Amino acid sequence: MTHPTFPPISRRTLLAAGLGTLAGGAAQAQATYPNRPIRLMVGYSAGGGIDAVARLLGPRLSTLLGQQVVVENRAGASGLIAGDLVAKAAPDGYTLFLGDSSALIAQHLQARMSFDPIKSFAPVAGVFKLPLLIVANNEFPARTPTEFLSAMKAAPGKYSYATSGVGQVQHLGFEMLKGRTQSFVVHVPYRGAAQIMPDVISGQVPLGVVSATAGMAQVKAGRVKAIAVMSPITLAGAENVPPLSSVLPGFDAAPRIYIAAPAGTPQAVVDQLSAALQSVMSAPDMAQIAAQQGAVPAFVPAAQIAADLRRESAMWAKIIREQKISAE
């Protein structure tokens, strides 16, 4: 994969953007930031979707910032191990967290967490969304969102849907759908996503909630059909798959990918990183390259992302409470 070359962000550029205005020692510190490599912590194994977008961002940020941005995988606990490490790191801008919706969900399902996914961080920017697909066995009696909702309502409890586990965003997204439509579909949790598609193809479970990349590969092969995208997004390569929001206005269950620094990181550093990410995310080829990973660019600056994360956290809390979901 080739990456476009960006010039380093100069002090003059930052000043023109309204950044780098701190006085005294803080201004001097920002003027020299970064002066060593930056660690971007990813809570999932190498090769997965979230790791892929981290490795898409890393080289481009390195070029812009003039220092290497090193992607480090600390897999486990749905990303919480990496989150804990960053939350406890020095608030100097040299250890960053590539977070996703999992941490925002976990705080409402776990009795105790070693960090607060909102208070323990200084959010830097939202970068991507990862749209989810509802896929169905080819024998399922619906092809459109309207037909799908009608089938669910006509036969409460007849159908089941598979996800990669209780409390995962795929699970909560479908539970949000059930709450919005007052329908009853049985949840079948799997230990990860690998077996979902084979079981939907075979008809062992009629419905599945999967990533765009996993789902569309099988749709294009004719092995399953795509019912709807679970967010108001047009997917590259899947432009004919309608969003659920076409029949349920405002419906959006796409996991958010964002970058955060430890709480207490100087605002000037946060703003510098946010400005760099905005430049990276606005590259002309970003949408096309991200689509190969099933991701959609969705840049949100530091000034807004904190409020967005609070709203998303409250949304998941409401679904968990109303649908009476508990961790297994």
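Our subject is the structure listed above.
The text that follows walks through the structure, step by step, so that each part is easy to find. (Residues numbered from 1 in each chain as written. Predicted model: local features only at pLDDT ≥ 70, side-chain atom pairs only at ≥ 80, totals over all residues. Heavy atoms only, no water.)

### Focus: the packing of aromatic side chains
Okay, step 1: Tallied over the full model, the rule gives 8 aromatic pairs.
Okay, step 2: Seen from their ring centres, Phe140 and Phe148 are 6.2 Å apart, and the 55 degrees between their planes marks the pair as tilted.
Okay, step 3: Through a chain of ring-to-ring contacts, the aromatic side chains of Phe140, Phe148, Tyr159, Tyr161 and Phe174 assemble into a single cluster.
Okay, step 4: Note that Arg36 overlies the ring of Tyr94, its terminal NZ or CZ placed 3.8 Å from the centroid. (Phe/Tyr/Trp six-rings, centres within 6.5 Å; stacked < 30°, edge-to-face > 60°. Lys NZ or Arg CZ within 6 Å of the ring centre and 35° of its normal.)

### Section: the environment of Gly93
Okay, step 1: For Gly93, the location among the structural elements is in the loop between helix H4 (80-87) and strand E3 (95-99).
Okay, step 2: Residues Gly93 and Thr146 lie 53 residues apart in sequence; the distance between their C-alpha atoms is 47 Å.
Okay, step 3: Other than its neighbours up to four places away in sequence, Gly93 contacts Tyr33, Ile38, Thr265, Val269 and Leu273. (Helix = DSSP H or I, 4+ residues; strand = E, 2+ residues; numbered from the N terminus. Contact = heavy atoms within 4.5 Å.)

### Focus: the packing of helix H6 (residues 145-154) against helix H7 (residues 169-181)
Okay, step 1: Packing of H6 against H7 brings their axes to within 11 Å, and their N-to-C directions diverge by 75 degrees. In this view, H6 runs roughly perpendicular relative to H7, as classed from their interaxial angle. Of H7, the residues touching H6 (which contributes Phe148, Leu149, Met152 and Lys153) are Phe174, Leu177 and Thr181.
Okay, step 2: Residue classes in the contact of H6 with H7 are distributed as 5 nonpolar, 1 polar and 1 charged. (Axes fitted to C-alpha atoms, helices over the stretch in contact; angles between N-to-C directions. Parallel < 35°, antiparallel > 145°, perpendicular 65-115°, else oblique. Nonpolar A, V, L, I, M, F, W, Y, C, P; charged D, E, K, R; others polar.)

### With respect to the layout of surface pockets
Okay, step 1: What the largest pocket holds in volume is close to 770 Å³.
Okay, step 2: If you list the elements that add at least two residues to the lining of the largest pocket, you get helix H3 (49-65), H7, strand E8 (207-211) and helix H9 (212-220).
Okay, step 3: Taken as a whole, the second largest pocket spans an internal volume of roughly 400 Å³.
Okay, step 4: Lining of the second largest pocket is provided by 18 residues; of these, Ser78, Gly165, Val166, Gly167 and Gln168 occupy positions nearest its centre.
Okay, step 5: At 3 residues, the largest contribution of residues to the lining of the second largest pocket is made by helix H5 (residues 101-106).
Okay, step 6: Residues of the lining of the second largest pocket, tallied by class, amount to 9 nonpolar, 7 polar and 2 charged. (1 Å grid on protein atoms, 1.4 Å probe; cavity = no way out; pocket = protein on both sides within 12 Å on 5 of 7 lines; lining within 4 Å. Points joined across faces, edges and corners; volume = space filled by probe spheres on them.)

### Here's the deal with the sheet that holds strand E7 (residues 186-189)
Okay, step 1: The strand order across the open sheet formed by 5 strands is E7-E6-E8-E5-E9, and the pairing between neighbours is mixed. Unpaired on one side and paired on the other, E7 and strand E9 (224-229) mark the two borders of the sheet. When the angles between neighbouring strand axes are averaged without regard to direction, this sheet yields 30 degrees.
Okay, step 2: By the bridge criterion, 4 bridges tie strand E6 (residues 160-163) to E7 in an arrangement that is parallel. The partner of Tyr161 across the bridge, within E7, is His187.
Okay, step 3: Of the strands in this sheet, strand E5 (132-137), E6, E7 and E8 touch H7, which is tilted by about 150 degrees from E6.
Okay, step 4: Packed onto the sheet, H9 meets E5, E8 and E9 and runs at close to 120 degrees relative to E8. (Pairing = 2+ DSSP bridges.)

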